[in-house]
Amino acid sequence: AQRVTQPEKLLSVFKGAPVELKCNYSYSGSPELFWYVQYSRQRLQLLLRHISRESIKGFTADLNKGETSFHLKKPFAQEEDSAMYYCALTGDDYQKVTFGTGTKLQVIP
Amino acid sequence: GAGVSQTPSNKVTEKGKYVELRCDPISGHTALYWYRQSLGQGPEFLIYFQGTGAADDSGLPNDRFFAVRPEGSVSTLKIQRTERGDSAVYLCASSWGGANTQYFGPGTRLTVL
């Protein structure tokens, strides 16, 4: 079975402060990990995926297989980063995406 | 071009009724997915189509739920004998193929009274 855990329902940070959204996963094989974002009144969209090794909107995430983690980080939070963030995983059955419960990021001006 | 669209945006029904939710994927996308998102939860996989066939329906919670995609484009999620526990946002997504980025629709909010 595959599982994604996001321990924080809400994370509040001040503008300019570093951000780390935590994600841990459980999967016996080699997963592919993603971060999805949903801004207010917008639809869910892909932010980044670990195989791309990209930095999107200043966010990065490194897959740590030893700790089974895929935390999302940004060195300096911006107000426009306020949104709901979901960590997600696909396994061998790569079409089937398992999402975490989400973390609401609130950036305080 | 147009993104994934879903209709209706909101649906209120009574317990025991039948509902149909529609998804129009991005033109040319061969893969189509349905998810259910309950309050405070992340999206939960229901079913995946590759073309016209359901490649994986393991997420459908019971036999009251059924989905079709007869021409490999538009899909309809059908729920029989609705229950209050079916109340959720139903999301549709499409992609070029199974391993590609999924593009989500705005969702249909279903409320069963």
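This is a predicted model, so every value here is computed, not measured.

## Quick look at the packing of aromatic side chains
The full count for this structure, using the stated rule, is 11 aromatic pairs over all chains. Ring centres 6.2 Å apart and planes at 40° place the aromatic pair A:Phe34 and A:Tyr36 in the tilted group. With relative accessibility at 7%, the residue A:Phe34 sits in the buried group. Judged by its relative accessible area of 2%, A:Tyr36 is buried. Ring plane angle 80° and centroid distance 6.2 Å describe the contact between B:Tyr35 and B:Phe45, whose orientation is recorded as edge-to-face. Taken as a pair, B:Tyr35 in strand E4 (residues 31–37) and B:Phe45 in strand E5 (residues 44–50) lie far apart in primary sequence, 10 residues in all. Grouping residues by exposure puts B:Tyr35 and B:Phe45 together as buried. Clustering of aromatic rings is evident, with ring pairs tying together A:Phe34, A:Tyr36, A:Tyr86, A:Phe99, B:Tyr33, B:Tyr35, B:Phe45, B:Tyr48 and B:Phe104.

## Description of the interface of chain B and chain A
For an interface, size is often stated in terms of accessible area lost upon the parts coming together. With 21 residues of chain B at the interface, the matching set in chain A holds 15 residues. The junction of chain B with chain A conceals about 1500 Å² of combined surface from both sides, 51% of it contributed by carbon and sulfur atoms. When the area that chain B buries against chain A is broken down by residue, the three leading residues are B:Pro43, B:Thr101 and B:Phe104, summing to 30%. Seen at the junction of chain B and chain A, the total is 0 salt bridges.

## A short note on the state of the cysteines
All names here are of chain A. For the structure shown, the criterion picks out 2 disulfides over all chains. Paired by a disulfide, cysteine 23 and cysteine 87 hold their sulfur atoms 2.0 Å apart. Every disulfide takes its handedness from the sign of the S-S torsion; for cysteine 23 and cysteine 87 that torsion is -65°, giving left-handed. Of the two residues, cysteine 23 is situated in the loop between strand E3 (19–21) and strand E4 (24–26) and cysteine 87 in strand E9 (residues 83–90); the sequence distance between them amounts to 64 residues. Note on accessibility: cysteine 23 and cysteine 87 belong to one class, buried.

## Comments concerning the pairing of strand E2 (residues 10–14) of chain A
Residues and elements named next belong to chain A. Taking every second residue as pointing to the same face, the buried face of E2 carries Leu11 and Val13, while none of Leu10, Ser12 and Phe14 on the other face is buried. In terms of strand pairing, E2 meets strand E11 (residues 103–108) through 5 bridges, oriented parallel. Note that in E11 the partner of leucine 11 across the bridge is leucine 105.

About the cut-offs
- Residues numbered from 1 in each chain as written.
- Chains lettered and ligands numbered in written order.
- Predicted model: local features only at pLDDT ≥ 70, side-chain atom pairs only at ≥ 80, totals over all residues.
- Heavy atoms only, no water.
- Phe/Tyr/Trp six-rings, centres within 6.5 Å; stacked < 30°, edge-to-face > 60°.
- Buried < 20%, exposed > 50% of the residue type's maximum accessible area, 1.4 Å probe, protein only.
- Helix = DSSP H or I, 4+ residues; strand = E, 2+ residues; numbered from the N terminus.
- Contact = heavy atoms within 4.5 Å.
- Buried area = accessible area lost by both parts, 1.4 Å probe.
- Salt bridge = Lys/Arg side-chain N within 4 Å of Asp/Glu carboxyl O.
- Disulfide = S-S within 2.5 Å.
- Pairing = 2+ DSSP bridges.

Honestly, it's all geometry; don't read function into it.
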